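If you want the building blocks of each chain, they are given just below.
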Amino acid sequence: MLLRIFTEPQQGASYDTLLRVAKATEEYGFDAFFRSDHYVKMGDVSGLPGPSDAWITLAGLARETRRIRLGTLVTAATFRLPGPLAISVANVDQMSGGRVELGLGTGWFEEEHTAYGIPFPSLAERFDRLEEQLRIVTGLWETPTGKTFSFEGNHYRLAESPALPKPAQQPHPPVIIGGAGAKRTPRLAAHYADEYNVPFHPLEETRSAYERVRAACEHGGRSCQSMTFSAAQVVCCGRDEAELARRAEAIGRKVDELRENGLAGTPAELVDKIGKFGEIGAERMYLQVLDLDDLDHLELIANEVLPQV
């Protein structure tokens with residue numbers, strides 16, 4: 001099981017804060033540093049100093065780290081045109097020496113679209129746009145150098161694109177599709193994704209979502225072994241109940257609720273629950289860290305959980 005650190009910078013984090021967390025992620029032996037792609041805070045927090053762009057942030061971290069994987073969970077297809085997105089991700093992949101992964105989704109948070117003037121179409125249209133973006137981004141990356149790429153869809157049109165630059169990873173950086181939708185998500189994951197992620201769902205719901213994607217892979221003639229399965233869960237770890245309660249209070253949550261809905265408890269409790277996700281096929285766990293100033297939290301997980309999973 002690979003453990004990855006997952007951050008929510010829209011809740012309030014400067015680039016310097018993210019850099020400290022990313023460097024700690026690398027120093028402590030975690031596999032990857034991921035961030036959300038949001039422009040407006042959620043819940044009762046200040047959100048200061050304000051949002052940061054996911055791919056600009058990752059570009060900076062690409063030059064400041066050496067080993068860890070870097071990516072989004074997940075970039076909203078509503079935020080960027082697919083051609084420029086393919087260019088940005090390829091650039092960051094080059095800057096990192098081939099350590100980037102692209103999580104791409106429909107976008108769901110209407111308030112951030114309204115706040116920054118971003119169109120927010122219906123869910124059906126957002127899925128249509130996501131599918132076209134997946135076809136375009138991967139198509140641009142896979143087009144041989146010297147050839148051109150064209151696409152005619154309902155929402156996007158590309159004509160004789162030079163399909164440059166190319167990412168460092170070939171044929172392209174891993175693509176992550178997430179969510180627990182029962183219909184279109186499994187089909188899109190089976191067709192386009194290298195990794196399928198279920199965020200913030202209980203164990204049995206995660207198991208059911210994995211089974212739907214496995215069925216979609218088999219229906220499409222794809223080996224399920226070629227798909228990486230992962231899950232994201234909020235994390236709150238303490239050596240004892242007092243430390244656990246302190247960390248829960250710092251993120252505005254209750255210990256009992258966190259134990260029920262995330263990875264919360266002593267290191268031994270985390271190891272046990274991560275093991276249960278492993279039993280249903282998860283190979284990677286994204287640990288949603290909400291207090292980005294508490295680097296001791298990361299060190300505790302690195303020392304007492306990571307070696308056991």
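Not measured: the values here are computed from a predicted model.

Conventions we followed
Residues numbered from 1 in each chain as written. Predicted model: local features only at pLDDT ≥ 70, side-chain atom pairs only at ≥ 80, totals over all residues. Heavy atoms only, no water. Helix = DSSP H or I, 4+ residues; strand = E, 2+ residues; numbered from the N terminus. Buried < 20%, exposed > 50% of the residue type's maximum accessible area, 1.4 Å probe, protein only. Expected span 1.5 Å × (residues − 1). Contact = heavy atoms within 4.5 Å. 1 Å grid on protein atoms, 1.4 Å probe; cavity = no way out; pocket = protein on both sides within 12 Å on 5 of 7 lines; lining within 4 Å. Points joined across faces, edges and corners; volume = space filled by probe spheres on them. Nonpolar A, V, L, I, M, F, W, Y, C, P; charged D, E, K, R; others polar.

## Quick look at unusual backbone geometry
Phase 1: Here L48 and P49 are connected by a cis peptide whose omega angle stands at 10°.
Phase 2: Following the sequence through the fold, P49 ends up in the loop between β2 (32-35) and α2 (54-64).
Phase 3: A cis amide bond links L164 to the next residue, P165, at an omega of 0°.
Phase 4: In this fold, P165 is placed in the loop between β7 (157-161) and β8 (175-178).
Phase 5: One non-glycine residue with positive phi stands out, namely E160, at about 50°.
Phase 6: Tracing the sequence through the fold places E160 in strand β7.
Phase 7: Its relative accessible area of 54% is what places E160 among the exposed residues.
Phase 8: One non-glycine residue, F200, adopts positive backbone phi at about 60°.
Phase 9: The residue F200 is located in the loop between β9 (195-199) and α7 (203-219) in this model.
Phase 10: On the accessibility criterion, F200 (38% relative accessible area) is partly exposed.

## Examining helix α3 (residues 82-96)
Phase 1: Its 15 residues place the ends of α3 21 Å apart at the C-alpha level, agreeing with the 21 Å of an ideal helix rising 1.5 Å per residue.
Phase 2: Here α3 has its buried residues at P82, G83, L85, A86, V89, A90, V92, D93 and S96.
Phase 3: Considering only its buried residues, α3 is in contact with α2, β3 (69-72), β4 (75-76), β5 (100-105) and α5 (123-142).
Phase 4: The first or second residue beyond α3 is G97, which carries a positive phi of 75°.

## A word on empty space enclosed by the protein
Phase 1: Following the criterion strictly, the structure yields one cavity of 30 Å³ or more and no others.
Phase 2: In this structure, the largest cavity occupies an estimated 60 Å³ of space.
Phase 3: If you trace the largest cavity, you find it lined by V235, C236, R247, I251, Q288, V289, L290, D291, D294 and H297.
Phase 4: Contributions of two or more residues to the lining of the largest cavity are made by β10 (228-237) and β12 (284-289).
Phase 5: Looking at the lining of the largest cavity residue by residue, the classes come out as five nonpolar, two polar and three charged.

## A word on the layout of surface pockets
Phase 1: Here the second largest pocket defines a volume of roughly 160 Å³.
Phase 2: What lines the second largest pocket is R187, A190, H191, A216, C217, H219, G220 and R222.
Phase 3: Of all the elements in the fold, those that place two or more residues in the lining of the second largest pocket are α6 (184-192) and α7.
Phase 4: In the lining of the second largest pocket, the residues fall into three nonpolar, three polar and two charged.

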